[in-house]
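Structural features, examined
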Amino acid sequence: MDRSRQAVKDTYDRIAAHFSKTREYAWPEVESFLDSQPAARTALDVGCGNGRHTELLARKADRAVGLDASTGLLSEARQRATAREFEAAFVAGDAASLPFTADSIDLAVYVATLHHLPERELRRASLDELARVLTPGSRALVSAWSTAHDSFDHEGDEGFDTMVDWTLPGGETVPRFYHIYAPAEFEADLAASRLRVVKNEISSGNCYAVVTPE
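My aim in this report is to walk through the structure given alongside it, one point at a time. This one's a predicted model, so the numbers in the text were calculated from it and none came from an experiment.

1. Notes on the packing of helix α2 (residues 28–35) against helix α3 (residues 52–60)
Interaxial distance between α2 and α3 falls to 11 Å at its minimum, and their mutual angle equals 15°. It follows that α2 is roughly parallel to α3 by the angle criterion. Both α2 and α3 take part in a crossing whose hand is right-handed. Residues Val30, Glu31, Leu34 and Asp35 of α2 form the contact with α3, whose own contacting residues are His53, Leu56, Leu57 and Lys60. Broken down by class, the residue content of the contact of α2 with α3 amounts to 4 nonpolar, 1 polar and 3 charged.

Shown next, in the form of structure tokens:
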């Protein structure tokens, strides 16, 4: 199992075009979260993929930024922004070392990305980075795949690492690294971070938390 960050980036660069075609619509949990938030000056989509959630942020904020490690997915996001006529900046970056100044983000989503960081210290560092860049009182939505999903038969308070194949047209499979969070582990990592949990829930087999900086 190649669990390096470079391997994760290379994987998504490889599958970017096909992956993007299967990610047309925003998650309802993200839509619901953003509907409950006030307008923002600057909003951030950490692990933006093809920009489907950045598009929602662009409607909510004066300035929307999408960040991803995959240059292939960033290219897909820029194409989406052009085709759907929304304005956003898309930048290459690392979720565990965000290229933004402290207290500069008023609203954020960090969904379906935390579980791709291969080490727990990196996942926790990324949560602290999110706390660092958020303005006081602002909120973010964080999510990760969970052992509560019907696809997994796992008990206990700790999650596990696995590879999940992506099948390209023609039948080729490309393995993707995931850390599948146990709900208690997700809660523990948030509690150990500089974020304060406002709301925590399981939805569609994923862990979700609405958070604010301490």
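2. Some details on the packing of aromatic side chains
One pass over the structure, following the stated rule, counts 7 aromatic pairs. Taken together, a centroid distance of 4.2 Å and an interplanar angle of 20° make the contact between Trp145 and Tyr178 stacked. Highlighted residues: Trp145 in strand β5 (residues 134–145) and Tyr178 in strand β7 (residues 173–180), separated in sequence by 33 residues. Note on Trp145: relative accessible area 24%, which makes it partly exposed. Taken together, the ring pairs connect Trp145, Phe152, Phe160 and Tyr178 into an aromatic cluster.

3. Regarding the environment of Leu134
Mapped onto the elements of the fold, Leu134 is located in strand β5. Spatially, the C-alpha atoms of Leu134 and Thr173 are 38 Å apart, while their sequence positions differ by 39 residues. Excluding residues within four positions of it along the chain, Leu134 makes contact with Asp103, Ile105, Ala108, Arg139, Ala140, Leu195 and Pro213.

4. Remarks on the nonpolar core
Residues Leu44, Tyr110, Leu130 and Phe186 are the most contacted members of the largest nonpolar core, which totals 29 residues. Those elements giving two or more residues to this core turn out to be β1 (40–46), β2 (61–68), β4 (105–110), α5 (120–133), β5, α6 (183–191) and β9 (206–213). The element best represented in this core is α5, accounting for 5 residues. In contact with Leu44, other than residues within four places in its own chain, are Leu57, Val65, Leu67, Leu98, Phe100, Ile105, Leu107, Ala108, Val109 and Val133. Judged by nonpolar contacts, the second largest core, of 17 residues, contains Ala40, Leu57, Val111 and Tyr208.

5. Examining the sheet that holds β2
Pairing in this open sheet of 7 strands is mixed, and the strands run β3-β2-β1-β4-β5-β9-β8 from one edge to the other. One side of each edge strand has no neighbouring strand; the edge strands of this open sheet are β3 (89–92) and β8 (195–203). Averaged over all neighbouring strand pairs, the angle between strand axes comes to 15°, with direction disregarded. In the sheet, β2 pairs with β3 via 4 bridges, with the strands oriented parallel. In the sheet register, Leu67 faces β3, and the bridge partner there is Val91. Docked against the sheet, α5 engages β1, β4, β5, β8 and β9, running at close to 150° with respect to β5. Across the sheet, α6 is in contact with β5, β8 and β9; its angle to β9 comes to roughly 15°.

6. Thoughts on α2
Turning to α2, its buried residues are Glu29, Val30, Phe33 and Leu34. The buried residues of α2 occupy an angular sector of 130° when the element is viewed end-on, so they sit on one face. Projecting away from the buried face of α2 at angles above 90 degrees are the exposed residues Pro28 and Asp35. Residues of α2 that are buried make contact with α3, β4, β5, β8 and β9.

7. Here we look at the environment of Leu168
Mapped onto the elements, Leu168 comes out in the loop between β6 (160–167) and β7. Among the residues examined, Leu168 registers a relative accessible area of 14% and is labelled buried. Sequence separation between Leu168 and Arg14 is 154 residues, and the spatial gap between their C-alpha atoms is 9.7 Å. In this structure, Leu168 is in contact with Ile15, His18 and Val174, ignoring residues within four places of it in sequence.

Cut-offs used in this document
Residues numbered from 1 in each chain as written. Predicted model: local features only at pLDDT ≥ 70, side-chain atom pairs only at ≥ 80, totals over all residues. Heavy atoms only, no water. Axes fitted to C-alpha atoms, helices over the stretch in contact; angles between N-to-C directions. Helix = DSSP H or I, 4+ residues; strand = E, 2+ residues; numbered from the N terminus. Parallel < 35°, antiparallel > 145°, perpendicular 65-115°, else oblique. Left-handed = near helix turned anticlockwise from the far one by under 90°. Contact = heavy atoms within 4.5 Å. Nonpolar A, V, L, I, M, F, W, Y, C, P; charged D, E, K, R; others polar. Phe/Tyr/Trp six-rings, centres within 6.5 Å; stacked < 30°, edge-to-face > 60°. Buried < 20%, exposed > 50% of the residue type's maximum accessible area, 1.4 Å probe, protein only. Core = buried A, V, L, I, M, F, W, Y, C linked by side-chain atoms within 4.5 Å. Pairing = 2+ DSSP bridges. Arc of directions from axis to C-beta.

Nothing here speaks to function; it is all geometry.
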